[in-house]
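Topology and contacts: notes
Listed here are the chains, written in short residue letters.
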Amino acid sequence: MRAAGRSTSVLKSGVKRLLGRTGFDIVRSTNKLGGVDDFLPFEATMRAARAAGRSVGDHIDEVMNGTPGATQSTIDQLRDLGVFAAAPNTVLEIGPGSGRYLEKTLKECSPDRYEIYETAAPWADYLVETFKVVARPTAGSSLAPTPDGSIDLVQAHKVFNTVTFLCASRYFFEMARVTRPGGRIVFDVMTETCLDPAAVRTWATEGGAGHGSYPAAMPRRVCVDLFATLGCTLEASFLAPLGVASTEVLVFGKGT
């Protein structure tokens with residue numbers, strides 16, 4: 001029994017090391033959607049970041065994901081596209097996890113209200129205490145507590161390539177609902193743009209253990225056509241690192 005216990009421990013440790021390089025924030029959660037529990041423990045991650053003298057976000061980028069500057073690069077491109085130029089007064093982020101995108105977003109704009117939907121209680125509490133954001137109760141696929149047309153910028157980073165197709169789709173309807181006319185919606189998905197044969201081979205042979213729903217692909221046309229029916233137009237897109245390959249960041253504007 002002791003030998004079996006040691007083998008299980010070694011296996012779990014190996015899986016954690018592999019998943020630690022996949023490019024997204026995996027957090028302990030009371031929500032079982034997606035099977036992403038337990039791989040970004042709050043206390044251990046905070047201790048490691050402090051010991052390295054880095055912010056939590058930079059530590060995740062540089063050490064855990066092996067993609068130094070990836071988060072900042074995404075924020076820089078969003079800035080260049082004018083996403084922050086309108087000085088959004090209300091921001092909502094789905095699945096901020098450790099807050100690596102949240103922190104850098106707040107350096108680009110100063111909203112009066114920043115709402116988060118985060119299922120991992122320790123990380124949500126940390127973000128509320130550190131950045132004075134508003135944590136909304138979440139069931140993992142709805143933004144029900146947020147009123148219609150009340151948000152200037154809705155964003156989600158490294159979220160929809162970690163959940164099921166239906167979970168992501170339900171969030172898409174909600175994101176369009178809560179965005180005000182003239183507002184922006186930003187998120188990334190693993191589209192066919194990211195999945196040429198070489199990338200598929202890399203995921204299949206070098207992508208690590210993965211988990212039940214990661215990495216999850218999403219047809220680009222599905223996103224564009226769906227949001228068009230919801231009054232939102234694709235304004236821009238670009239690729240960002242995700243694990244051993246890439247993800248596509250989409251920027252939508254909601255019509256007035």
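This text follows the structure it describes.
Residues numbered from 1 in each chain as written. Predicted model: local features only at pLDDT ≥ 70, side-chain atom pairs only at ≥ 80, totals over all residues. Heavy atoms only, no water.

Once that is clear, we can look at the sheet that holds strand E2 (residues 113-117). Read from one edge to the other, the open sheet built from seven strands follows the order E3-E2-E1-E4-E5-E7-E6, with strand pairing classed as mixed. Two strands bound the open sheet, and with one partner strand each, they are strand E3 (134-135) and strand E6 (232-242). Across 10 bridges, the pairing between E6 and strand E7 (residues 245-254) is antiparallel. Considered in E7, the bridge of Ala240 is made with Thr247. (Pairing = 2+ DSSP bridges. Helix = DSSP H or I, 4+ residues; strand = E, 2+ residues; numbered from the N terminus.)

Most of E7 is tucked away, with nine of its 10 residues classed as buried. Both strand E5 (residues 179-189) and E7 contribute to a ladder of six bridges, which runs antiparallel. Paired with Asp188 across the two strands is Val249, which belongs to E7. The hairpin formed by E6 and E7 contains two residues between the paired strands, and Gly243 there has a positive phi angle of roughly 55 degrees. (Buried < 20%, exposed > 50% of the residue type's maximum accessible area, 1.4 Å probe, protein only.)

For the pair helix H7 (residues 165-178) and helix H9 (residues 220-229), interaxial distance at closest approach is 10 Å and the crossing angle is 30 degrees. When the interaxial angle is binned, H7 and H9 end up roughly parallel. Handedness of the H7/H9 crossing: right-handed. Packed against H7, whose contacting residues are Phe165, Phe172, Phe173 and Ala176, the element H9 presents Val222, Cys223, Leu226 and Phe227 at the interface. Grouping the amino acids of the contact of H7 with H9 by side-chain chemistry returns eight nonpolar, no polar and no charged. (Axes fitted to C-alpha atoms, helices over the stretch in contact; angles between N-to-C directions. Parallel < 35°, antiparallel > 145°, perpendicular 65-115°, else oblique. Left-handed = near helix turned anticlockwise from the far one by under 90°. Contact = heavy atoms within 4.5 Å. Nonpolar A, V, L, I, M, F, W, Y, C, P; charged D, E, K, R; others polar.)

Looking now at the packing of helix H2 (residues 42-52) against helix H3 (residues 56-64). Where H2 meets H3, the closest approach of the two axes is 9 Å, and the angle between their N-to-C directions is 90 degrees. In terms of orientation, H2 lies roughly perpendicular with respect to H3. Across the interface between the two elements, Thr45, Met46, Ala48, Ala49 and Ala52 of H2 pack against Val56, His59 and Met64 of H3.

Here we come to H3. Buried within H3 are the following residues: Val56, Gly57, His59, Ile60 and Asp61. On its buried face, H3 sits against H2, helix H4 (70-80), helix H5 (100-106) and helix H6 (121-131). A positive backbone phi angle near 70 degrees is found at Gly66, which sits one or two residues after H3.

Attention now moves to the side chain of Glu115. As for its placement among the helices and strands, Glu115 is situated in strand E2. Glu115 gets classed as buried once you look at its relative accessible area, which sits at 2%. The residues contacting Glu115, other than those within four sequence positions of it, are Val91, Leu92, Glu93, Val134, Arg136, Thr146 and Ile151.

Turning next to unusual backbone geometry. In this structure, the amide linkage connecting Tyr214 to the following residue, Pro215, adopts the cis form with an omega of -5 degrees. Relative to the elements of secondary structure, Pro215 occurs in the loop between helix H8 (197-206) and H9. The phi dihedral of Lys132 is positive, around 60 degrees, even though this residue is not glycine. Along the chain, Lys132 falls in the loop between H6 and E3.

Once that is clear, we can look at the pairing of strand E1 (residues 90-94). The two faces of the sheet receive side chains in turn, since in a regular strand these alternate between them. Of all the five residues making up E1, five are buried; the element is thus mostly covered by neighbouring parts of the structure. Across the two faces of E1 the burial is the same, with Thr90, Leu92 and Ile94 and Val91 and Glu93 all buried. Each parallel crossover has a hand, and for E1 linked through H5 to E2 it is right-handed. Note that E1 and strand E4 (residues 151-156) share four bridges and pair parallel. Among the inter-strand pairings, Ile94 is bridged to a residue of E4, identified as Ala156. (Right-handed = clockwise from strand over helix to strand, strands pointing away.)

Right, let's get into the packing of aromatic side chains. Under the definition given, this model contains 13 aromatic pairs. When the centroid spacing of 5.8 Å and the interplanar angle of 80 degrees are considered together, the rings of Trp123 and Tyr126 count as edge-to-face. Of this pair, Trp123 and Tyr126 both sit in helix H6, separated by three residues, roughly a single helical turn. Given the relative accessible area of 1%, Trp123 is considered buried. An angle of 15 degrees between the planes, with centres 5.8 Å apart, marks the rings of Phe187 and Phe252 as stacked. (Phe/Tyr/Trp six-rings, centres within 6.5 Å; stacked < 30°, edge-to-face > 60°.)

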